[in-house]
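# Overview (structure and organization)
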Amino acid sequence: MATTRIPAVEGWFTLDDAPSLLGTRCKSCGAYFFPKETFACRNPRCGASELEETPLSRRGKLWSFTDNRYPPPKPYVAPDPFEPYAVAAVELEREKMVVLGQVVRGVGCADLHAGMEMELVLDTLYRDGENDVVTWKWRPAQAAEGRAQ
Amino acid sequence: MRHGSDQEIAVLGVGMHPWGKWGRNFVEYGVHAARAALADAGLAWTDVQFVAGGDTMRNGYPGYVAGASIAQALGWNGAQVASTYGACATGAQAIDVARARILAGLCDVALVVGADTTPKGFFAPAGGERKTDPDWLRFHLLGATNPIYFGLYARRRMEMFGATLEDFARVKVKNSRHGLANPNARYRKLYTLEEVMASQVVSDPLRLLDICATSDGGAAVVLTSMEFARKRAAQPVRVAAVSTVTPVYPNTVIEMPNFATDSAVGVAVPDVPFRDSIARRAYEQAGIGPEDVSFAEVYDLSTALELDWYENIGFAKPGDAEKILRDGTTALGGKQPVNPSGGLGCFGEAIPAQAISQLCELTWQLRGQAGARQIAGAKVGVAVNQGLFGHGSAILATI
């Protein structure tokens, strides 16, 4: 049976080949929010209620990184045997914000350093029967912007 | 607003239940600590007019009404009650509620108490499937345990300032030496740099011995008006300031349980970052500066985080924390010792009790009752912490 790819959470990212995180942007002051803020802008000097959905930059600079050597507790769905994975905090230049994400399989802390360019991809978070439950992950940028697949 | 000495209250009594993994009802630890604090104050439970409890999230309904749960176990005495929760700042919030009532003239004698019974292993979010709760989602989507955030801060320190694994281990060795003689500490064992660095990696670069455990424990303080205290103690320890500030937007450092920082688009970033603002507000309230502080108790959730705190509380300039660690400034016998109690490294975290236990240590040090870990001539102590959802606190005590 073919596997079906489903997002681990609805509406947080696009499912295309060049995926983006989906945030919101305040129409009044321009602030970005991730996950989406939909009720009111959180800039206390703004507070406007019109926020529009917007894709966030797919690339950014690595702010810091670490990893999980032990399985996190539920509700994380940890495979058995557990495979350690890295977590990255990536600074998006246009949005002026730092966004967390897992790092793709096969890239560990030894492969990372602050300031390096990272890009967003989709990858399996866990398998649920025939479903491939996917989420956003960071990986070291592999090609110049515009030429990435 | 009141200022300076008009804002002061007295710490008439302090008491703790030793930290450990005892596995009993948290209320027992609270009662033990409360009785110890009352005995230290020379007061009876029936003298207490107001009870402020620090809540625990991991012990069911009694934990959400901790003030009343512990008051009931002590025997209902008709006191007014409040129970508060503020993550790692829970105990400081409870202290601040009691302080406000005392300063408002609504009571003279308040008991502040917090206690916890913790599960084994990583802290996990509340149960159920709660897809709008960022604390649930960070575990589900990222597996972002608390040590993941500590690891990000630690690695950032290494990348920005050249901190090393040995620096982190040196914090643990220092604190393990401090805690050796503390009867309330859970871990009383002197570690070597090699042992710390050779312990299992949990969240790179942090090793098991760099990260604080979760513990059972209880702490209590009896707070009174200055007028009430002066009739009973020649020179009582005074709480000169309590800060429970929230961050100022945009908060540009990633914090638990968030997936992202605030965006700094279209708005100036505050001159004082959140973690710096915590102690600064307390210094402002008391009208002093970090140079006036004899010692500090800081929230060493990780060894690396203790180094961040040196800078956040103004003991060192950004990037200089490793220097004042290496030259002994922050060790017992140094110019500004940090975590003379042994810190979380020796205690493990009993969340609602922790900030109260910090005030216990400030009090023992200021009274000259800290035994083998005594700081000679301690006049002013500061205690700080920070936790989930933008909570942080600082308590400044003096004699």
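## Description of the overall build of chain A
Assigned secondary structure in chain A consists of 0 helices and 9 strands. Taken over C-alpha atoms, the radius of gyration comes to 16 Å for chain A, in line with the 15 Å a tight globule of 149 residues would show. On the principal axes, the C-alpha backbone points of chain A span a range of 50 × 35 × 35 Å. When each of the 149 residues of chain A is scored for burial, the buried share is 52%.

## Focus on the sheet that holds strand 1 (residues 9-20) of chain B
Residues and elements named next belong to chain B. Spatially, 9 strands are ordered 3-2-4-7-1-8-11-10-9 in an open sheet, and the strand pairing comes out mixed. Each end of this open sheet is capped by a strand with a single partner; those strands are strand 3 (80-84) and strand 9 (295-297). Sheet twist, expressed as the mean angle between neighbouring strand axes with direction ignored, is 25 degrees. Sheet strands in contact with helix 3 (residues 66-74) are strand 2 (50-54), strand 3 and strand 4 (109-116), and its direction is about 135 degrees off that of strand 3.

## Focus: the nonpolar core
Of all hydrophobic cores here, the largest spans 98 residues; its most connected members are A:Phe34, A:Trp136 and B:Ile313. When sequence neighbours within four positions are dropped, the list of residues in contact with A:Phe34 reads A:Trp12, A:Leu21, A:Leu22, A:Gly23, A:Leu56, A:Met97, A:Val99, A:Trp136, B:Phe259 and B:Ala260. Among the nonpolar cores identified, the runner-up in size contains 41 residues, and B:Ile9, B:Leu103, B:Ala185 and B:Leu223 belong to it.

## Describing the packing of aromatic side chains
Enumeration according to the criterion identifies 10 aromatic pairs over all chains in this entry. Ring centres 5.7 Å apart and planes at 25 degrees place the aromatic pair A:Tyr76 and A:Tyr85 in the stacked group. Its relative accessible area of 6% is what places A:Tyr76 among the buried residues. Residue A:Tyr85 is classed as buried on the basis of its relative accessible area of 10%. Members of the aromatic cluster, connected to one another through ring pairs, are A:Trp12, A:Phe13, A:Phe34, A:Trp136 and B:Phe259. One cation-aromatic arrangement involves B:Arg58 over B:Phe123; the distance from NZ or CZ to the ring centre is 4.0 Å. The ring of B:Trp309 has B:Arg275 sitting right over it, with the charged end atom 6.0 Å from the ring centre.

## Thoughts on helix 14 (residues 351-367) of chain B
Residues and elements named next belong to chain B. Here helix 14 is 17 residues long and its end C-alpha atoms lie 25 Å apart, about the 24 Å a rise of 1.5 Å per residue gives. Across the 17 residues that make up helix 14, a large majority, 16, are buried. Looking one or two residues past helix 14, Gly368 carries a phi angle of roughly 75 degrees, positive in sign.

## Overview of the domain arrangement of chain B
Residue and element names in this part refer to chain B. Considered domain by domain, chain B is made up of domain 1 (4-121 + 217-230) and domain 2 (134-211 + 238-398). Contacts between the two partners involve 45 residues from domain 1, matched on the other side by 37 residues from domain 2. For the pair domain 1 and domain 2, the two sides together bury roughly 3,100 Å², of which 67% comes from carbon and sulfur. On the surface where domain 1 and domain 2 come into contact, there are 2 salt bridges. Between Glu8 and Arg238 there is a salt bridge, with its nearest N and O atoms 2.6 Å apart. The tally of links between domain 1 and domain 2 comes to 10 residue pairs in polar contact (both at pLDDT 80 or more). Listed by contribution, the elements that provide at least two residues to the side of domain 1 that touches domain 2 are strand 1, helix 4 (90-103), strand 4 and strand 7 (216-224). Sorting elements by how many residues they give to the side of domain 1 that touches domain 2 places strand 1 first, with 12 residues.

## With respect to the interface of chain A and chain B
Contact residues are listed per partner, giving 46 residues for chain A and 38 residues for chain B. Carbon and sulfur atoms make up 64% of the surface buried where chain A meets chain B, a total of about 3,600 Å² over both sides. Three residues stand out in chain A for area buried against chain B, namely A:Trp63, A:Pro75 and A:Leu100, and they jointly supply 19% of the buried area on that side. If you look at where chain A meets chain B, you find 2 salt bridges. As a salt-bridge pair, B:Asp204 and A:Arg69 come within 3.8 Å of each other at their nearest N and O atoms.

## Topic: the packing of helix 4 of chain B against helix 14 of chain B
When two helices pack together, their arrangement is captured by the angle between the axes and the distance separating the axes. Residues and elements named next belong to chain B. In contact at an axis separation of 6 Å, helix 4 and helix 14 are set at 65 degrees when each is read in the N-to-C sense. Of helix 14, the residues touching helix 4 (which contributes Thr90, Gly91, Ala92 and Ile95) are Ile351, Pro352, Ala355, Ile356 and Leu359. Each residue belonging to the contact of helix 4 with helix 14 can be placed in one class, and the counts come to 7 nonpolar, 2 polar and no charged.

## Regarding the pairing of strand 5 (residues 59-68) of chain A
All names here are of chain A. Within strand 5, 9 of the 10 residues are buried, leaving the element largely enclosed by the surrounding structure. Note that strand 5 and strand 6 (residues 85-92) share 7 bridges and pair antiparallel. Each residue of the ladder has a partner; that of Leu62, found in strand 6, is Val90.

## Digging into the packing of helix 1 (residues 26-41) of chain B against helix 3 of chain B
Residues and elements named next belong to chain B. Where helix 1 contacts helix 3, the two axes come as close as 9 Å, and the packing angle between them is 70 degrees. Between helix 1 and helix 3, the crossing angle belongs to the class labelled roughly perpendicular. Of the two elements, helix 1 crosses helix 3, and the hand of that crossing is right-handed. Contact with helix 1, carried on its side by Phe26, Val27, Gly30, Val31, Ala34 and Arg35, involves Ala66, Ser69, Ile70, Ala73 and Leu74 of helix 3 and no other residues of that element. Taken together, the residues of the contact of helix 1 with helix 3 break down into 8 nonpolar, 2 polar and 1 charged.

## Regarding the side chain of B:Gln365
All names here are of chain B. Structurally, the position occupied by Gln365 is in helix 14. For Gln365, a relative accessible area of 1% corresponds to the buried category. When near neighbours in sequence (up to four residues on either side) are disregarded, Gln365 contacts Phe295, Pro340, Ala370, Arg373, Gln374, Ile375 and Ala378.

## Brief notes about the pairing of strand 2 of chain B
All names here are of chain B. The buried fraction of strand 2 amounts to 5 of the 5 residues, a majority that puts the element mostly inside the structure. Burial along strand 2 is two-sided: the residues Phe50, Ala52 and Gly54 and Val51 and Gly53 are all buried. Pairing analysis gives 5 bridges linking strand 2 to strand 3, with the strands arranged parallel. Looking at strand 3, one finds that Ala52 is bridged to Ala82. The pairing of strand 2 with strand 4 spans 5 bridges and is parallel. From the neighbouring strand, Ala52 faces strand 4, where its bridge partner is Val112.

Parameters and conventions
Residues numbered from 1 in each chain as written. Chains lettered and ligands numbered in written order. Predicted model: local features only at pLDDT ≥ 70, side-chain atom pairs only at ≥ 80, totals over all residues. Heavy atoms only, no water. Helix = DSSP H or I, 4+ residues; strand = E, 2+ residues; numbered from the N terminus. Rg over C-alpha atoms; globule rule 2.2 N^0.38 Å. Buried < 20%, exposed > 50% of the residue type's maximum accessible area, 1.4 Å probe, protein only. Pairing = 2+ DSSP bridges. Axes fitted to C-alpha atoms, helices over the stretch in contact; angles between N-to-C directions. Contact = heavy atoms within 4.5 Å. Core = buried A, V, L, I, M, F, W, Y, C linked by side-chain atoms within 4.5 Å. Phe/Tyr/Trp six-rings, centres within 6.5 Å; stacked < 30°, edge-to-face > 60°. Lys NZ or Arg CZ within 6 Å of the ring centre and 35° of its normal. Expected span 1.5 Å × (residues − 1). Domains from an automatic or database assignment. Buried area = accessible area lost by both parts, 1.4 Å probe. Salt bridge = Lys/Arg side-chain N within 4 Å of Asp/Glu carboxyl O. Polar contact = N/O pair within 3.5 Å; in protein donor to acceptor, adjacent residues only side chain to side chain. Nonpolar A, V, L, I, M, F, W, Y, C, P; charged D, E, K, R; others polar. Parallel < 35°, antiparallel > 145°, perpendicular 65-115°, else oblique. Left-handed = near helix turned anticlockwise from the far one by under 90°.

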